[in-house]
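So the chains spell out like this:
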Amino acid sequence: MKLLFELNGVPQYLDVEPGERLLRLLRRLGMKSVKEGCGTGDCGACTVLVDGRAVRSCLMVAPQVQGRRVLTLEGLGSVDDPHPLQQAFLDAGAVQCGFCTPGMILVAYELLQGNDDPSPEDVRKAIAGNLCRCTGYVKIADAVLLAARWKQEGKWR
Amino acid sequence: MAVETRHRGAVGQSVTKVDGPSLVAGKPVFTLDHDVPGALVGKILPSPHAHAAIVSIDTAEAEAVPGVRAILHHGNVPRVPYTTAGQGWPEPSPYDTVLFDRKVRFVGDRVAAVAAETEEAAEEALRKIRVEYKVLPAVLSPEEALADGAPVIHDEPDAEGIYDAKHNIVAAVDIPVGDVASALAEAHVTAEATCEIPYSQHAAIEPHGVIAYFDEAGRLVLRTSTQVPFHVRRIVARVVGLDPARIRVIKPRIGGGFGSKQEILLEPVAALLALRTGRPVRMAYSREEVFIASRTRHPMRVAVKLGAGKDGVLQAIDMEVLSNTGAYGAHALTVLSNVGSKTLPLYNKAPHLRFRGKAVYTNLPVAGAYRGYGATQGYFALEVAMDRLAEALGMDPIELRKRNHIRVGETSPIFEKIGEGREGTAQVVRSCALADCLRIGAERIGWKENRGRRREDGPWVHGLGMACAMQGSGITGVDMAAATLVMQDDGSFRLLVGATDLGTGSDTILAQIAAQELGVPVDRVLVYSSDTDFTPFDTGAYASSTTYVSGNAVLRAAQSVHRQILDVAAAALGERPEVLELAEGAVASRKTGRRLTLGEIGHRATYVVDQRQIAATASFTCPESPPPFAAFFCEVAVDRETGVVRVERFVVAADCGVAIHPKAAEGQLEGAILQGIGHALCEEMLFAPSGRCVNAGFFDYKLPSSLDTPRIEAILVPSEEPTGPWGAKSISEIGINGPLPAISNAIYDAVGVRLTRAPFTPERVLLALRAAGK
């Protein structure tokens with residue numbers, strides 16, 4: 001079947017199998033930041049934003065994004081021009097292995113879109129569906145709070 | 001908290017991780033992010049039985065599935081006994097594994113493998129392989145394994161290195177020092193604890209994966225999520241019968257390991273499928289396969305008896321271990337040995353010691369290396385017993401530790417008696433800030449004010465607990481790391497290391513170690529690691545070795561390059577090297593003040609006069625293994641009505657020598673503490689009577705989420721290890737040793753019951769409260 005959707009700001013019109021998982025489609029399109037950690041919706045490594053809301057792409061089939069906007073980490077910033085949230089993850093030491101990082105950054109992005117001044121508790125709740133086995137979540141939470149401060153200071157684009 | 005160091009420069013700075021920018025940008029840097037055109041999908045058929053003989057395998061129907069290109073099973077694969085454990089030489093784990101056997105030994109054991117054009121075809125083929133099994137009685141606990149007449153799990157005649165296969169004993173140790181029995185009998189006071197740890201899983205968020213393909217010259221390339229690329233090359237070559245020179249192993253970015261990737265699992269299967277088909281093959285474990293078919297922590301029962309004088313000084317420590325290695329003996333002897341070797345030296349005042357134990361086979365998933373590597377199990381029992389001893393003496397638990405812990409200039413006979421599956425190496429402790437760790441941690445948690453108060457808050461009762469631990473930094477007499485450092489014509493550097501960064505930050509730390517010596521910022525050192533074609537040898541990332549062992553190799557290479565730079569500059573400036581100084585990207589003469597930048601020196605050496613490559617390769621073996629030390633403190637709240645335990649705060653004060661990268665060091669502690677809290681409160685693989693794991697997934701096997709995580713406060717307490725690179729020793733494992741005993745001791749402080757079987761689930765806590773009439 002034909003699928004039309006927007007991926008990181010670029011329209012896509014392509015053939016998909018009706019049962020193809022969104023995770024597989026996105027990786028097929030080169031969005032390798034979308035990670036498979038469990039395939040059952042439990043770890044959050046495959047998180048992407050659909051119309052601004054965090055979803056697990058392993059639990060969606062591709063046709064569900066028909067006509068919608070999908071944002072993956074590739075659409076947020078790049079190595080040469082990182083988004084402030086990506087920079088905050090670097091500065092806070094929030095990245096160890098980096099496998100959960102794309103999902104973590106995207107759920108944090110969703111949080112900070114709607115909340116400029118999150119409490120530590122808000123942050124803990126926002127990342128609760130994303131598992132990290134390296135960091136104990138300490139520096140990930142620090143990174144989100146740092147990014148929030150930068151946002152309040154007008155340093156976001 | 002940042003550590004202060006007297007070094008200026010790259011060391012001691014939390015610089016941006018060298019791989020950080022690509023990781024936060026989501027670049028395709030992990031194993032399976034690499035698309036190899038035309039790759040087949042490889043899949044494994046797991047055993048449905050815990051113990052069975054394979055009577056026949058019929059693959060005709062499976063081979064007829066369109067797109068199926070190869071099927072491997074015991075009938076068409078050479079039989080080569082080996083161990084999946086990626087360890088140094090001589091390999092201490094038994095050769096009790098073959099790629100495909102005529103017998104299966106646990107639910108999830110490898111029966112056959114398929115390569116097909118698509119995942120769907122591979123799965124369909126797996127369903128169509130007809131296997132006739134003769135089911136055998138299964139052994140589902142170490143006690144059953146040791147019972148008279150128990151089924152023999154490894155009855156194959158070609159296995160090597162099993163201690164007593166007929167009785168399912170993989171390994172046994174018995175190491176006495178002095179006379180423990182008499183010392184215990186004569187002790188003023190004794191205390192004991194028997195603690196049990198169940199099956200638990202590393203649960204790195206990246207599942208194991210590998211891509212096997214052929215390069216332009218037809219050599220086999222394995223791009224794999226491994227902690228041990230050089231062991232992968234050696235073992236795969238032997239198992240698939242290929243000249244090692246025909247194999248290249250590349251470790252890209254790895255999504256966590258914690259020991260689970262110190263194991264050669266998918267690589268030989270993918271290699272053989274690629275060789276049979278002449279096609280690239282990609283394989284990945286599903287999360288369920290990671291749980292049942294990768295590796296786990298060794299479940300253990302550890303019994304500790306302590307005897308002490310009136311003053312609390314230990315006279316005797318008796319430690320006895322029963323370890324369950326599951327269906328194969330990967331790391332069985334070495335993890336068992338480590339239970340004693342990494343714990344008993346901590347309390348070196350005791351003159352009488354005995355360490356004994358057995359590791360036995362069962363028809364359950366295979367245990368292997370897991371962060372802590374036996375020390376975690378040992379400290380659980382030792383530190384609960386120490387808490388009991390303090391109580392029996394009426395002494396503060398911190399005071400008891402202070403009277404017994406090892407100090408600078410001291411040794412323990414255990415260092416020499418127990419090594420990595422053989423004798424160890426005598427060594428003296430040259431750095432130890434444990435006394436500071438105890439003081440600083442106790443202040444931070446408010447030990448004096450809050451312990452023993454049993455503060456109540458509705459049904460919740462609060463308590464405080466503590467524990468101590470040490471670990472090592474590499475394996476003496478076994479580990480070897482090498483590094484090659486090359487100065488480029490522009491005055492920047494390339495650092496080639498066999499060391500394996502699993503997300504720990506070791507590429508960054510090794511760059512810092514070189515940058516410090518060379519007087520340049522870290523971004524002038526380009527690191528390339530873990531590629532058996534291009535980087536020198538390294539035993540791999542395990543045993544808390546990389547910062548110390550690989551770091552020392554890097555430092556030696558950098559020192560040699562430093563000297564070569566001075567020689568070139570001396571010739572250019574017409575001065576003696578002794579009056580020259582390398583700092584801030586240039587060589588300057590103390591005599592004349594004349595200066596040459598590294599760019600000028602690199603250009604001169606490469607193109608102008610007396611042309612040469614400024615470069616050095618250095619290696620480091622591990623004559624001693626300096627222990628890091630840590631003191632752990634926690635506050636828990638126990639709900640007397642439901643049995644729920646909440647960790648409210650966790651403080652760890654750790655001495656890793658000089659922290660090369662403080663944030664990375666803290667991160668190692670924070671992550672290890674949370675894994676330890678998981679062990680203590682929620683993590684346990686559960687098995688049906690058939691031997692099938694019933695919670696092989698993140699929905700049923702509970703990992704701590706951010707909402708289950710207390711305030712974890714990691715404090716780096718400085719010391720300076722004279723044998724370490726820039727004063728550093730290890731940090732990666734030690735943090736996991738503290739939470740089990742500290743939380744158990746805190747529960748006792750709160751509600752007066754001892755939890756000795758992990759995890760401390762509400763059910764177990766309630767049962768303990770009922771049993772104690774509370």
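Note that the structure is predicted; figures quoted are calculated from it, not measured.

### A word on the overall build of chain B
When helices and strands are counted, chain B shows 20 helices and 27 strands. Taking 774 residues into account, the globule formula puts the C-alpha radius of gyration at 28 Å, and chain B, at 27 Å, falls close to it. Dimensions of chain B, computed from the C-alpha atoms along their principal axes, are close to 85 × 75 × 50 Å. Of all 774 residues assigned to chain B, the portion counted as buried reaches 66%.

### Observations regarding the overall build of chain A
Scanning chain A from N- to C-terminus turns up 5 helices and 5 strands. Taken from N to C terminus, the helices and strands of chain A fall in the order β-β-α-β-β-β-α-α-α-α. By residue count, 59% of the 157 residues in chain A fall in the buried class. Across chain A, the fraction of contacts at a sequence separation of at least 24, relative to all contacts at a separation of at least 6, is 59%. In the structure as shown, chain A presents an accessible area of about 6,100 Å², 50% of it carried by carbon and sulfur atoms.

### Details of the domain arrangement of chain B
All names here are of chain B. The domain boundaries assigned to chain B delineate domain 1 (20–28 + 479–621), domain 2 (37–136 + 206–255 + 261–293) and domain 3 (300–475 + 624–771). Centre-to-centre separation of domain 2 and domain 3, based on C-alpha positions: 36 Å. Residue-level contacts link 23 residues of domain 2 with 28 residues of domain 3. Between domain 2 and domain 3 lies a buried interface of about 1,900 Å² when both sides are counted; carbon and sulfur atoms form 61% of it. Counting across the interface, domain 2 meets domain 3 through 0 salt bridges. If you look at where domain 2 meets domain 3, you find 11 residue pairs in polar contact (both at pLDDT 80 or more). In terms of residue class, the side of domain 2 that touches domain 3 is made up of 9 nonpolar, 8 polar and 6 charged.

### Some words on the packing of aromatic side chains
Per the counting criterion, the structure on display carries 11 aromatic pairs over all chains. With 5.9 Å between their ring centres and 85 degrees between their planes, Tyr548 of chain B and Phe620 of chain B make a pair best called edge-to-face. Within this pair, whereas Tyr548 of chain B is found in helix H16 (residues 546–573), its partner Phe620 of chain B is found in strand S24 (residues 615–621), the two being separated by 72 residues in sequence. In this structure, Tyr548 of chain B and Phe620 of chain B share a single accessibility class: buried. Here a set of aromatic residues connected by ring pairs shows up, and it is made of Phe291, Phe698 and Tyr701 of chain B. Its end group placed over the ring of Tyr13 of chain A, Lys2 of chain A keeps NZ or CZ at 5.3 Å from the ring centre. Directly above the aromatic system of Trp460 of chain B lies the positively charged group of Arg646 of chain B, at a separation of 4.0 Å from the ring centroid.

### With respect to the sheet that holds strand S4 (residues 53–56) of chain A
All names here are of chain A. Spatial strand order, S2-S1-S5-S3-S4: 5 strands in an open sheet with mixed pairing. The open sheet has two free edges, formed respectively by strand S2 (10–15) and S4, since each of these has just one partner strand. On average, each strand axis in the sheet is inclined to that of its neighbour by 40 degrees, with strand direction left out of account. Both strand S3 (residues 47–50) and strand S5 (residues 69–71) contribute to a ladder of 2 bridges, which runs antiparallel. Bridge pairing in S5 links Leu49 to Leu71.

### Considerations on the side chain of Lys261 of chain B
Residue and element names in this part refer to chain B. On the secondary structure map, Lys261 appears in the loop between strand S11 (247–250) and helix H7 (267–277). Given the relative accessible area of 0%, Lys261 is considered buried. When near neighbours in sequence (up to four residues on either side) are disregarded, Lys261 contacts Ala204, Glu206, Pro207, His208, Ser225, Thr226, Gln227, Val228, Ile254, Gly255 and Gly256.

### Some words on the packing of H16 of chain B against helix H17 (residues 598–608) of chain B
Residue and element names in this part refer to chain B. Running from N to C, H16 and H17 point in directions that differ by 85 degrees, and their axes come no closer than 10 Å. Accordingly, the angle class assigned to the pair H16 and H17 is roughly perpendicular. Contact with H16, carried on its side by Ile565, Val568, Ala569, Ala571 and Ala572, involves Leu598, Ile601, Arg604 and Ala605 of H17 and no other residues of that element. Each residue belonging to the contact of H16 with H17 can be placed in one class, and the counts come to 8 nonpolar, no polar and 1 charged.

### A word on the domain arrangement of chain A
Residues and elements named next belong to chain A. The assigned domain composition of chain A is domain 1 (2–75) and domain 2 (84–152). A straight line from the C-alpha centre of domain 1 to that of domain 2 covers 21 Å. Each side of the interface is counted separately: domain 1 has 18 residues, and domain 2 has 12 residues. Together, the buried faces of domain 1 and domain 2 total about 1,200 Å²; carbon and sulfur atoms form 65% of this surface. Seen at the junction of domain 1 and domain 2, the total is 1 salt bridge. For Arg53, the salt bridge is made with Glu110, and the minimal N-O distance between the two is 2.9 Å. The tally of links from domain 1 across to domain 2 stands at 6 residue pairs in polar contact (both at pLDDT 80 or more).

### Comments concerning the nonpolar core
In this structure, Phe89 of chain A together with Ile317, Leu389, Phe633, Ile743, Ile747 and Phe760 of chain B are the most contacted members of the largest nonpolar core, which totals 223 residues. Top contributing element to this core by residue count: helix H10 (residues 375–393) of chain B, with 11 residues. In contact with Ile743 of chain B, not counting residues within four places along its chain, are Cys634, Val636, Val647, Phe650, Ile677, Ala680, Leu681 and Phe760 of chain B. Counting residues in hydrophobic clusters, the runner-up holds 53 residues, among them Leu485, Leu495, Ala511 and Ile660 of chain B.

Basis of the calculations
Residues numbered from 1 in each chain as written. Chains lettered and ligands numbered in written order. Predicted model: local features only at pLDDT ≥ 70, side-chain atom pairs only at ≥ 80, totals over all residues. Heavy atoms only, no water. Helix = DSSP H or I, 4+ residues; strand = E, 2+ residues; numbered from the N terminus. Rg over C-alpha atoms; globule rule 2.2 N^0.38 Å. Buried < 20%, exposed > 50% of the residue type's maximum accessible area, 1.4 Å probe, protein only. Contact = heavy atoms within 4.5 Å. Areas by Shrake-Rupley, 256 points an atom, 1.4 Å probe, with all protein chains shown as cover. Domains from an automatic or database assignment. Buried area = accessible area lost by both parts, 1.4 Å probe. Salt bridge = Lys/Arg side-chain N within 4 Å of Asp/Glu carboxyl O. Polar contact = N/O pair within 3.5 Å; in protein donor to acceptor, adjacent residues only side chain to side chain. Nonpolar A, V, L, I, M, F, W, Y, C, P; charged D, E, K, R; others polar. Phe/Tyr/Trp six-rings, centres within 6.5 Å; stacked < 30°, edge-to-face > 60°. Lys NZ or Arg CZ within 6 Å of the ring centre and 35° of its normal. Pairing = 2+ DSSP bridges. Axes fitted to C-alpha atoms, helices over the stretch in contact; angles between N-to-C directions. Parallel < 35°, antiparallel > 145°, perpendicular 65-115°, else oblique. Core = buried A, V, L, I, M, F, W, Y, C linked by side-chain atoms within 4.5 Å.

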